[in-house]
Amino acid sequence: MKIAASVILSLQLTSVSSACSSSNFLTSRSKAFCNHALKIRGGQQDEDSDVTPSGSYHGNYIAPQGEQPKASTIVEVKSPPSTAAAATTSSAAAPLASATSKSSKLANLQERTVPAILMLGATFLLLKYTGEKGLIGLILLMQLGLYSESTGVVESFQAKKGSSIDKIKSYTVQKWWWFLTAMLFSGRDLIMQNTSLTGDQMSIINFCMSAASLVGAVIQLAMLSGPGTEDLYREYLGKLACCHFSLLFLVGQSSFWIKTVQEYGLGWVLFPAFLVIVNDTMAYVFGVLMGKHKLIPKLSPKKTVEGFVGAGLSTVAIASPLVKRCIGGDIPNLGRHAIILAVYASLVSPFGGFLASAVKRAHGAKDFGALIPGHGGVVDRFDCQVVTAPFVYLYLKNFYNVES
């Protein structure tokens, strides 16, 4: 029994002394206990010493510092890396991550450049050979793409969640009926110019189509029955709101391009469009090269304050020489008009992109479409442009006309 007790005591003291030799943060009471253990095991420290013993553990023997250990297996206890070392590693990794991020952004910029040049070149050729009619046709196609993509994002999100909208057989018909109704309303002037219809006749047609869509939607909802009907109502009304918001925000605002080109010519459509392109491009460039402070991190994490400010200054700087190329002629205060439009394109138009980012984030989509490589869909490319269109027309009508 004495031998067993001696063995157990020896093992306990060995464990304690090993912990003592590898610890750097003991309290005074713990140090006293450890010193006592070391003394029992043959250590050279005083019981009342406040100095933490230094030595190495060799199986069942504590070798004091400076003494050659007995022949036995040496077990070294490695202390965990210090906080300073971890901080050094973290600080060393930060520049590498930053460099990788910049490299990725520059690669993305190169990927976006080629499609953008091709798109501008195709637009130039179209306008050169077709003029205003070609631009109007292009706008109509864009409106179709804007509406299809914006509603499609919501529909795809609902489908992933297990949508029941298929029970409403006429939903797709209603969706495109609303689009046709809105197009007839926004393009009524264009229709009257190319047909024998009068303004009053167009108003009657639009009213009848709106009334028919209302009656048809309510009848379809009234025919639903069975469990989950209330959930289906909510889903249908949500998509109804999405369709009408798309018609108002995208199709309605882009219709001002048609009015502008008809009343003021191609130049006053192209000039604001180039301003938005310059602003968007320079925001990306300044963001890649200098961006450190996030502008709206929750909605659009890639947008930076430096990009926003740099893009604004660049857009205002290029406005005067650009407007002379697009408009030309001896027009009073042309430079002032250009700067006002440039300020709007820099301060307000980007918020169309921020809203589009919020919609994508809410529905788990990276882009609205994949029509344009490196850019996404039509909405991704023209979300800021549609915000500019109504302001340009209203500004020209209220200020440019008066001075001219």
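In what follows, the structure referred to is the one given above.
None of these values were measured; they are calculated from a predicted model.

Our next topic: the overall build of the protein. A tally of helices and strands in the protein yields 13 helices and four strands. Once local pairs closer than 6 in sequence are excluded, the contacts in the protein between residues at least 24 apart make up 70%. When the accessible area of the protein is evaluated, it comes to approximately 23500 Å², of which 65% is carbon and sulfur surface.

Moving on: a nonpolar patch on the surface. Taken together, L214, V215, V218, I219 and M223 make up a surface patch of nonpolar side chains, about 510 Å² in accessible area. Here M223 shows up in the loop between α6 (199-222) and α7 (229-264). Note on M223: relative accessible area 61%, which makes it exposed.

Here we come to the nonpolar core. One broad trend across soluble globular proteins is that nonpolar side chains are buried collectively. Grouped together as the largest cluster of nonpolar side chains are 21 residues, with contacts concentrated most on L135, L146, W257, F382 and V386. When contributions to this core are tallied by element, the ones reaching two or more residues are α3 (83-161), α7, α12 (378-382) and α13 (385-403). It is α3 that provides the largest number of residues to this core, a total of seven residues. Residues contacting V386, with those up to four places away along its chain left out, are L146, F249, L250, Q253, S254 and W257.

Another point: the side chain of S213. Counting through the fold element by element, S213 comes out in helix α6. Classification of S213 by relative accessible area gives buried; the value is 15%. Of note is the side chain of S213, whose polar atom sits 2.6 Å from the backbone oxygen of S210. Ignoring sequence-local partners within four residues, the contact set of S213 consists of W177 and W178.

A few words on the pattern of salt bridges. The full count for this structure, using the stated rule, is eight salt bridges. For D231, the salt bridge is made with R234, and the minimal N-O distance between the two is 2.2 Å. Taken as a pair, D231 and R234 lie in helix α7 at a separation of three residues, close to a single helical turn. R234 gets classed as exposed once you look at its relative accessible area, which sits at 55%. Of the charged contacts, one joins D367 and K366 as a salt bridge, the two residues approaching to 3.5 Å between their closest N and O atoms.

Here S163 is to be found in the loop between α3 and α4 (171-186). Residue classification places S163 among the partly exposed residues on the basis of a relative accessible area of 23%. C-alpha separation for the pair S163 and Y236, spaced 73 residues apart in sequence, amounts to 10.0 Å. Setting aside anything within four residues of it in sequence, one finds S163 in contact with Q158, E235 and K239.

This paragraph deals with the state of the cysteines. On inspection of all chains with the given rule, the structure shows zero disulfides. The thiol of C243 is not disulfide-bonded; the next cysteine sulfur, from C242, is found 5.4 Å away. Residue C243 is classed as buried on the basis of its relative accessible area, which comes to 0%.

Inspection of the secondary structure assignment puts F351 in helix α11 (residues 350-362). With a relative accessible area of 46%, F351 lands in the partly exposed category. Along the chain, F351 and V387 lie 36 residues apart, while their C-alpha atoms are 8.3 Å from each other.

Once that is clear, we can look at α7. Each turn of an α-helix holds 3.6 residues, which means side chains three or four residues apart point in the same direction. With 36 residues, α7 ought to run about 52 Å at 1.5 Å a step, and its terminal C-alpha atoms sit 51 Å apart, in line with that. Once α7 ends, the next one or two residues include G265, with phi positive near 95°.

Mapped onto the secondary structure, L313 falls in helix α9 (residues 305-326). Measuring from C-alpha to C-alpha, the distance between L313 and M282 comes to 9.4 Å, with 31 residues separating the pair along the chain.

What follows covers helix α10 (residues 334-347). The first and last C-alpha atoms of α10 sit 20 Å apart over 14 residues, in line with the 20 Å expected at 1.5 Å per residue. When we look at burial in α10, the residues that qualify are L334, H337, A338, L341, A342, Y344, A345 and S346.

Counting across every chain of the model gives 14 aromatic pairs. When the ring of F391 is compared with that of Y395, the centres are 6.0 Å apart and the planes differ by 25°; the resulting orientation is stacked. Of this pair, F391 and Y395 both sit in helix α13, four residues apart, which is roughly one turn of the helix. By relative accessible area, F391 is classed as partly exposed at 24%. Residue Y395 is classed as buried on the basis of its relative accessible area, which comes to 6%. Through successive ring pairs, a cluster of aromatic residues spans F256, Y264, W268, F271, Y393 and Y400. When the ring centre of Y171 is taken as reference, the NZ or CZ atom of K239 above it lies at 5.7 Å.

Another point: the packing of α4 against α6. Between α4 and α6, whose axes approach to 10 Å, the crossing angle comes to 160°. Put simply, α4 runs roughly antiparallel to α6. Note on packing geometry: the crossing formed by α4 with α6 is left-handed. Mapping the contact onto sequence places Q174, W177, W178, L180, T181, L184 and F185 in α4 and M202, I205, N206, M209, S210, A212, S213, G216, A217 and Q220 in α6. Residue classes in the contact of α4 with α6 are distributed as ten nonpolar, seven polar and no charged.

The rules we used
Residues numbered from 1 in each chain as written. Predicted model: local features only at pLDDT ≥ 70, side-chain atom pairs only at ≥ 80, totals over all residues. Heavy atoms only, no water. Helix = DSSP H or I, 4+ residues; strand = E, 2+ residues; numbered from the N terminus. Contact = heavy atoms within 4.5 Å. Areas by Shrake-Rupley, 256 points an atom, 1.4 Å probe, with all protein chains shown as cover. Patch = residues over 30% accessible without salt bridge, like charges linked within 9 Å, V, L, I, M, F, W, Y side chains within 5 Å. Salt bridge = Lys/Arg side-chain N within 4 Å of Asp/Glu carboxyl O. Buried < 20%, exposed > 50% of the residue type's maximum accessible area, 1.4 Å probe, protein only. Core = buried A, V, L, I, M, F, W, Y, C linked by side-chain atoms within 4.5 Å. Polar contact = N/O pair within 3.5 Å; in protein donor to acceptor, adjacent residues only side chain to side chain. Disulfide = S-S within 2.5 Å. Expected span 1.5 Å × (residues − 1). Phe/Tyr/Trp six-rings, centres within 6.5 Å; stacked < 30°, edge-to-face > 60°. Lys NZ or Arg CZ within 6 Å of the ring centre and 35° of its normal. Axes fitted to C-alpha atoms, helices over the stretch in contact; angles between N-to-C directions. Parallel < 35°, antiparallel > 145°, perpendicular 65-115°, else oblique. Left-handed = near helix turned anticlockwise from the far one by under 90°. Nonpolar A, V, L, I, M, F, W, Y, C, P; charged D, E, K, R; others polar.

So yeah, pure geometry; function would need other evidence.
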